[in-house]
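# Observations on the model geometry
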Amino acid sequence: MKQSPMLICIPDISGFTQFMSETDSDLSSKIIPALLNKIIYSNEIGLKVSEIEGDAVLFYKAGKLPPLKILVNQCIYFYKEFYKQLHILKVTHDNNEDSHKIPKTLGLKIILHYGHEIDTVQIGKHIKLMGEDVIIAHKLLKNKVPKDEYLLISENLLRQYDMNELDNNLYWGDLKKGENVYEHLGEINYTYIDLEPLLHLNT
């Protein structure tokens, strides 16, 4: 096992369980893989894929962090491309009576976290991430954010940046703070941005 500081990024499809339970299985088996593929191919900053987790992609990046603005814009790009694909899929599968549920039910939330010591294990052609910070990143998917679609940035990641980088172009006017207490981990603080209004903005 090799330990290194690492950025973790998890785009997670919200509404996944509802969509799978309420939608024709033939349709859902086409929609979810297409959306996950769109997320993977929208990666423009060299993130690596560790795992595809059913309704989410676990990206990671070791070494130097990208500038905060570039990282945030990548996440917004994930979100916008995801929505483009939602509407393409609705049109493509318009003959299916459940097609209207595609943009109505599904959405995207994104978790960003940074760990100082994350173990990497080679399993076949894939890198498995292990360690407390990987657990924290996944735990942050369960939070008290009162939105279905958002970008959540852990306090530990924000600490790695000079906060003077923040400007109006980073959409921090609507930045909100939150925290959750998790068993065995304690209180984890984070900030989040509501993504839905950004669909109509240029980045």
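Here the structure is shown first, and the text comes after it.
Residues numbered from 1 in each chain as written. Predicted model: local features only at pLDDT ≥ 70, side-chain atom pairs only at ≥ 80, totals over all residues. Heavy atoms only, no water.

## Observations regarding unusual backbone geometry
The phi torsion at His184 lies on the positive side, around 75°, for a residue other than glycine. Among the secondary structure elements, His184 is positioned in the loop between strand E7 (176–182) and strand E8 (186–194). (Helix = DSSP H or I, 4+ residues; strand = E, 2+ residues; numbered from the N terminus.)

## Quick notes on the state of the cysteines
Scanning the entire structure with this criterion turns up 0 disulfides. Unpaired in this structure, Cys9 has its nearest cysteine sulfur neighbour in Cys75, at a distance of 4.5 Å. Of the residues examined, Cys9 reaches a relative accessible area of 1% and is grouped as buried. (Disulfide = S-S within 2.5 Å. Buried < 20%, exposed > 50% of the residue type's maximum accessible area, 1.4 Å probe, protein only.)

## As for the side chain of Asn143
Position of Asn143 among the secondary structure elements: in the loop between helix H5 (132–139) and strand E6 (150–154). Within the structure, Asn143 has its side chain in polar contact with the backbone oxygen of Leu140 (distance 2.6 Å). A distance of 2.9 Å separates the side chain of Asn143 from the side chain of Tyr150, its partner in a polar contact. When near neighbours in sequence (up to four residues on either side) are disregarded, Asn143 contacts Tyr150, Leu152, Asn180, Tyr182 and Tyr190. (Polar contact = N/O pair within 3.5 Å; in protein donor to acceptor, adjacent residues only side chain to side chain. Contact = heavy atoms within 4.5 Å.)

## Overview of the pattern of salt bridges
A side chain with one charge can pair with a side chain of the opposite charge if their charged atoms come near. One pass over the full model with this rule turns up 9 salt bridges. For Lys30, the salt bridge identified is with Asp26, shortest N-O distance 3.3 Å. Taken together, the positions of Lys30 and Asp26, both in helix H2 (residues 25–41) and 4 residues apart, correspond to about one turn of that helix. Here Lys84 makes a salt bridge to Glu81, at a shortest N to O gap of 3.0 Å. Taken together, the positions of Lys84 and Glu81, both in helix H3 (residues 68–92) and 3 residues apart, correspond to about one turn of that helix. With relative accessibility at 8%, the residue Glu81 sits in the buried group. Via salt bridges that share partners, Lys38, Glu81 and Lys84 belong to a single interconnected network. (Salt bridge = Lys/Arg side-chain N within 4 Å of Asp/Glu carboxyl O.)

## A short note on the nonpolar core
Ranked by internal contacts, the top residues of the largest apolar core, which has 42 residues, are Leu112, Leu151 and Leu157. Counting residues per element, the ones that place at least two in this core are strand E1 (2–14), helix H1 (16–22), H2, strand E3 (57–62), H3, strand E4 (107–123), E6 and helix H6 (155–158). Residues within four places of Leu151 in sequence aside, it is in contact with Val72, Cys75, Ile110, Leu112, Thr191, Tyr192, Ile193 and Leu195. If you look at the next biggest cluster of nonpolar residues, it comprises 21 residues, including Ile8, Ile111, Ile136 and Tyr182. (Core = buried A, V, L, I, M, F, W, Y, C linked by side-chain atoms within 4.5 Å.)

## Some thoughts on the environment of Asp133
As for its placement among the helices and strands, Asp133 is situated in helix H5. Spatially, the C-alpha atom of Asp133 lies 15 Å from that of Leu158, the residues being 25 residues apart in sequence. Excluding anything up to four places from it in sequence, Asp133 contacts Ile8, His113, Tyr114, Gly115, His116, Ile118 and Asn156.

## Observations concerning the pairing of E6
Judged by how many residues are buried, E6 sits mostly within the fold: 5 of 5 residues are covered. Of the two faces of E6, both are covered, the one formed by Tyr150, Leu152 and Ser154 as well as the one formed by Leu151 and Ile153. Two elements, E4 and E6, share 3 bridges in a ladder whose sense is parallel. Bridge assignment links Leu112 to a residue of E6, and that residue is Ile153. Sheet topology places E6 next to E8; 5 bridges connect them, and they run antiparallel. Bridging across to E8, Ile153 finds its partner in Thr191. (Pairing = 2+ DSSP bridges.)

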